[in-house]
Amino acid sequence: MANIKKAACVLAGLLALPGASAGAPLEHYGMCDASAGIAVDDHHFVVANDEDNILRLYRSDRSGAPVQLFDLSAVLRVPGEKQREADIEGAALIGRRIYWIASHGANKKARARPERRQLFATDIVGKGDAIVLTIAGTPYTGLLDAIAAHPPFQQYRLDEAARISPEDEGGLNIEGLAATPDGHLLIGLRSPVVDGKALILTLKNPDQLLAIGGAAAKAPVFGPAIELPLDGLGIRSIDYADKLRAYLIVAGPRDSEGVFKLFKWAPAMAPTELAASIGKSLRPEGLFALADGKSFQLLSDDGDEKIGGTTCKEAPPALRKFRSITVKL
């Protein structure tokens, strides 16, 4: 859902940080709209495309086509609804399990889309290019209703926000998901922004929610809401960097106009801006920490980039591509 063609970004601000360095962008073929990703080992990452329901496994150390495809269309289809994309926007890793969250928002015409109200998980099986993703438990579709019914969250009126187009003022759009050191999930909102602060909701029992292990599903258990001052921006991506003992956050505007910023944040501290903006043409929609705990990889949503005179998402599938860049702090 990230149409960011007017975003203004400058990589020099990031490279000016003491001890920071960035490699040349890599090009990953077969899709354009990278929306969420996670590192699964030292040389591979899995990425979601918000234009379909396919997860793709790529090499993180070189350009190229995906080495594996995992089509989840049958799993993510909502009974009684048309087959549409789930609009997967966030990913988080705990052990060998990846949790994925959809935007939970309406479409651009403010119409409800039940397929976008899903939280699900995949387990990582195997190694290297032979990695396979298997569904863990059952996708959960009641998160928005549970949030709306949870008294501490009712002040945010997110059920009302879900009836507004995501790029309009006050519209609901979830784009960030991160694992905490104690195994909880942080759900980061691109919008709405509350009194100039980005909103994070804490989910404590994702495995019980998804009925992983065959037990009956249990109701969600929430922790406190967190309001973060990110210069009035919402959360586009968030991940925990173990060796930094902090979260890295890509923050951006609710719509297609504005500047992206990169922040480091630990719960006991205020967010620290690491760079005013990120890459002149890079459109950062995914961020994940790498195995060394101090490096991270940024994924660019390149759906509006031109390929042979047409936009990437309209180009032949074999020519579609998105970029990634690895930054070391």
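A. Broad picture of the overall build of the chain. Secondary structure assignment for the chain yields 5 helices and 25 strands. A compact globule built from 329 residues would reach a C-alpha radius of gyration of about 20 Å, and the chain, at 18 Å, matches this within 12%. In terms of principal-axis extent, the alpha carbons of the chain reach across some 45 × 40 × 40 Å. For the chain, restricting intrachain contacts to residue pairs at least 6 apart in sequence, the fraction spanning at least 24 positions comes to 56%. Just so you have it, the chain exposes about 13400 Å², and 52% of that area is on carbon and sulfur atoms. Taking the 38 positively charged and 40 negatively charged side chains of the chain as two groups, their mean positions are separated by 1 Å.

B. Structural view of the pairing of strand 12 (residues 173-179). For strand 12, the buried fraction is high: 7 of the 7 residues fall into the buried class. In textbook terms, the turn of a hairpin is the stretch between consecutive antiparallel strands, and for strand 12 and strand 13 (residues 185-191) this stretch comprises 5 residues, one of which, Gly183, has a positive phi near 85°.

C. Structural detail: the sheet that holds strand 15 (residues 226-228). Strand order in the open sheet made by the 4 strands is 12-13-14-15, with antiparallel pairing throughout. At either end of the open sheet lies a strand with only one pairing partner, and these are strand 12 and strand 15. The sheet shows a mean angle of 25° between the axes of neighbouring strands, direction not considered. With 4 bridges connecting them, strand 13 and strand 14 (residues 198-203) associate as antiparallel partners. Note that in strand 14 the partner of Gly188 across the bridge is Ile200.

D. View of the sheet that holds strand 6 (residues 54-59). Pairing is antiparallel in the open sheet, where 4 strands are placed in the order 4-5-6-7. Where the open sheet ends on each side, the last strands, each with one partner, are strand 4 (34-41) and strand 7 (68-71). Going from strand to strand, the sheet's axes swing by 20° on average, the running direction of each strand aside. With 5 bridges connecting them, strand 5 (residues 44-49) and strand 6 associate as antiparallel partners. Considered in strand 6, the bridge of Val46 is made with Leu57.

E. Here's a closer look at the packing of aromatic side chains. The full count for this structure, using the stated rule, is 8 aromatic pairs. Ring geometry for Trp100 against Phe120: centres 6.4 Å apart, planes inclined by 15°, an arrangement best described as stacked. A residue pair is termed long-range when its members are at least 10 positions apart, and Trp100 in strand 9 (residues 97-102) and Phe120 in strand 10 (residues 119-125) qualify at 20 residues. Clustering of aromatic rings is evident, with ring pairs tying together Phe45, Tyr58, Phe288 and Phe322.

F. Representation of the side chain of Arg116 within the structure. Residue position: Arg116 is located in the loop between strand 9 and strand 10. In terms of polar contacts, Arg116 uses its side chain to reach the backbone carbonyl oxygen of Ala106, at 3.2 Å.

G. Quick look at the confidence of the model for the chain. Overall, the prediction assigns the chain a mean pLDDT of 89, with 91% of residues at 70 or greater. Across residues 1-19, where pLDDT falls below 50, the model places 64 contacts with residues more than four positions away in sequence or in other chains.

What counts as what
Residue positions are counted from 1 within each chain, in the order its sequence is given. For this predicted model, a pLDDT threshold of at least 70 governs which residues receive local features, and a threshold of 80 or more governs which side-chain atom pairs are given and counted, while totals over whole chains, interfaces and linings are taken from all residues. With hydrogens and water excluded, all non-hydrogen atoms of the structure serve as input to the side-chain values. Where helices and strands are cited, they refer to DSSP runs of H or I of at least four residues and of E of at least two residues respectively, numbered from the N terminus. With the radius of gyration taken over C-alpha atoms, the globule rule is written as 2.2 Å times the number of residues to the power 0.38. The contact criterion used throughout is that any non-hydrogen atoms of two residues lie within 4.5 Å. Every accessible area reported is derived by Shrake-Rupley at a probe size of 1.4 Å, with residue values counting cover from the shown protein chains alone. When charges are tallied, Lys and Arg are placed among the positive residues and Asp and Glu among the negative ones, while His and the ends of the chain are skipped. The atoms used to mark charge sites are NZ of Lys, CZ of Arg, CG of Asp and CD of Glu. A simple rule labels every residue: compare its accessible area, found with a 1.4 Å probe on the protein chains alone, to the largest value its type can have, and call it buried under 20%, exposed over 50%, or partly exposed in between. Only strands joined by at least two bridges in the DSSP assignment are considered to pair. Here the axes come from fitting lines to C-alpha atoms, over the contacting stretch only for helices, and the angles between their N-to-C directions go from 0 to 180 degrees. Only rings of Phe, Tyr and Trp enter the pairing, Trp through its six-membered ring, and a pair is recorded when the two centres are within 6.5 Å. The plane angle decides the type: under 30 degrees is stacked, over 60 is edge-to-face, the rest tilted. Pairs of N or O atoms are called polar contacts if they sit within 3.5 Å, as long as, within protein, a hydrogen donor faces a hydrogen acceptor (for residues adjacent in sequence, only side-chain-to-side-chain pairs). Note: pLDDT gives the predictor's confidence per residue, expressed from 0 to 100.

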